Amino acid sequence: MPAPSEPPEHPTTRRERPHRTPRAPARRTPGRRRAALLGLTALGYLLVTAAVLLDTSLVDLDWRIRLFRPYEHWPGLQPLLDNWVVAGQRGPSALAAFGWLGWRARRLRRIRPLLVMGTALLLLNLTVGGVKIVTGRLGPHYAHYVGSPELFSGGTVFPSGHTANAVVTWGALAYLAGRWRRTGALLAGATAWSVGLTTVYLGTHWVTDVLAGWAAGLLVLLSLPLLEPLVLAAERRLTRRRARARARARAEAGRAEATRVGAEHHDATRTRTTRPGAVAVTPPSCGPPRRRAPRG
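What counts and how
Residues numbered from 1 in each chain as written. Predicted model: local features only at pLDDT ≥ 70, side-chain atom pairs only at ≥ 80, totals over all residues. Heavy atoms only, no water. Helix = DSSP H or I, 4+ residues; strand = E, 2+ residues; numbered from the N terminus. Buried < 20%, exposed > 50% of the residue type's maximum accessible area, 1.4 Å probe, protein only. Contact = heavy atoms within 4.5 Å. Salt bridge = Lys/Arg side-chain N within 4 Å of Asp/Glu carboxyl O. Core = buried A, V, L, I, M, F, W, Y, C linked by side-chain atoms within 4.5 Å. Polar contact = N/O pair within 3.5 Å; in protein donor to acceptor, adjacent residues only side chain to side chain. Expected span 1.5 Å × (residues − 1). Arc of directions from axis to C-beta.

Visitor: Explanation requested: the overall build of the protein in the structure shown.
Guide: Counting secondary structure elements, the protein contains 10 helices and 0 strands. Moving toward the C terminus, one meets the helices and strands of the protein in the order α-α-α-α-α-α-α-α-α-α. Within the protein, the proportion of its 296 residues that are buried is 32%. Considering only contacts within the protein whose residues lie at least 6 apart along the sequence, 76% involve residues at least 24 apart.

In structure tokens:
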């Protein structure tokens, strides 16, 4: 007996597995990348600082380069690099940066660029300046004992202020450069790198000073996006204060103008009534005529 044929499956009763799209690999958001880079930079900064404090082989590298005296091997570079290191000095670089940022703030009609640069330099002074005072490291030209890290001796070279300032100043300009940010970042990186190596060539900083300066400056730069809410709040407050000051100035100018016009009108009227031979005319009354009392 032939086996009965199976009834065809109805398309509505057929159970199909749901189609699953393959998951794309998770991408790191800019916030996560920035946090990872911030953590790695902080770790590097701590490692360099610990290496100097513990007098490790990095201090030996400092002394090998110090005793090598690069400025004696390539003396022709010294006049050029003496001028180039100014790009890392606080005063000249800050003047140049604030000059350009002032023009940009006027063009954008916003004070955010000036506030961002001021915040970056203030944070740099607090962080780098504090570490300089605590470590008290002497520079290569003032070192006393070969092989010593020269700490807690009243110096102010660790970390390198020239290097950190070059990273922060020119890096903040790149951060505020808008569509030229990528090009500005490359130029800022090259400037900070060359300024750090210039200080090593001139013998004003140890190698570990420069490494710590790069890390310290980069930490300040990476912290700027986290401080943007505070910068924007300060910008709104200053903008409202400026608007109120302008409104008060316009109101005072209006009152002064009204007072001046009133005084001029009063002087003109007084001049007309006090001329020789002039007769003061009393304007007619606007009320009803007065009735005369009957005679007798």
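Don't stop here, the text continues.
Visitor: I'm lost on the pattern of salt bridges in this one. Help?
Guide: Two side chains that carry opposite charge are able to pair once their charged atoms sit near each other. This model, assessed by the stated rule, comprises 5 salt bridges. The salt bridge involving arginine 137 is made with aspartate 62; its shortest N-O contact spans 3.0 Å. Pair noted here: arginine 137 is in the loop between helix 6 (112-135) and helix 7 (161-175) and aspartate 62 is in helix 2 (residues 57-68), with a separation of 75 residues, a long-range link. We note that arginine 137, like aspartate 62, is buried. For arginine 137, the salt bridge is made with aspartate 209, and the minimal N-O distance between the two is 2.9 Å. Placement of arginine 137 in the loop between helix 6 and helix 7 and of aspartate 209 in helix 9 (residues 207-223) is noted, with a sequence separation of 72 residues between them.

Visitor: Mind showing me how you'd approach the nonpolar core here?
Guide: The nonpolar side chains of soluble globular proteins are, as a tendency, buried together. With 33 residues, the main nonpolar core has Tyr45, Val116, Met117, Leu124, Val168 and Leu224 as its most contacted residues. Mapped by element, the contributors of at least two residues to this core are helix 1 (30-53), helix 5 (90-108), helix 6, helix 7, helix 8 (181-202) and helix 9. Per-element tally for this core: the top contributor is helix 7, with 7 residues. Apart from residues no more than four positions distant in its own chain, tyrosine 45 is found in contact with Val131, Pro159, Ala212, Ala215, Ala216 and Leu219. Counting 5 residues, the second largest nonpolar core, distinct from the first, contains Tyr71, Val85, Tyr201 and Leu202.

Visitor: Hey, could you run me through the side chain of arginine 137 in this one?
Guide: On the accessibility criterion, arginine 137 (0% relative accessible area) is buried. A distance of 2.9 Å separates the side chain of arginine 137 from the side chain of aspartate 209, its partner in a polar contact.

Visitor: I tried to follow helix 5 on my own but got confused; where do I start?
Guide: An ideal rise of 1.5 Å per residue puts 27 Å on 19 residues; helix 5 measures up with 26 Å between its terminal C-alpha atoms. Inspection of helix 5 places Ser93, Ala94, Ala97, Leu101, Arg104 and Ala105 among the buried residues, and these make up the whole buried set. Take helix 5 and look down its axis: the buried residues cluster within an arc of 100°, on one side only. Across from the buried face of helix 5, at angles greater than 90 degrees, the exposed residues are Leu95, Arg106 and Arg107. On the buried face of helix 5, the contacting elements are helix 6 and helix 7. Remark: arginine 109 follows helix 5 within two positions and exhibits a positive phi of approximately 60°.

This is a description of form; function is not addressed.
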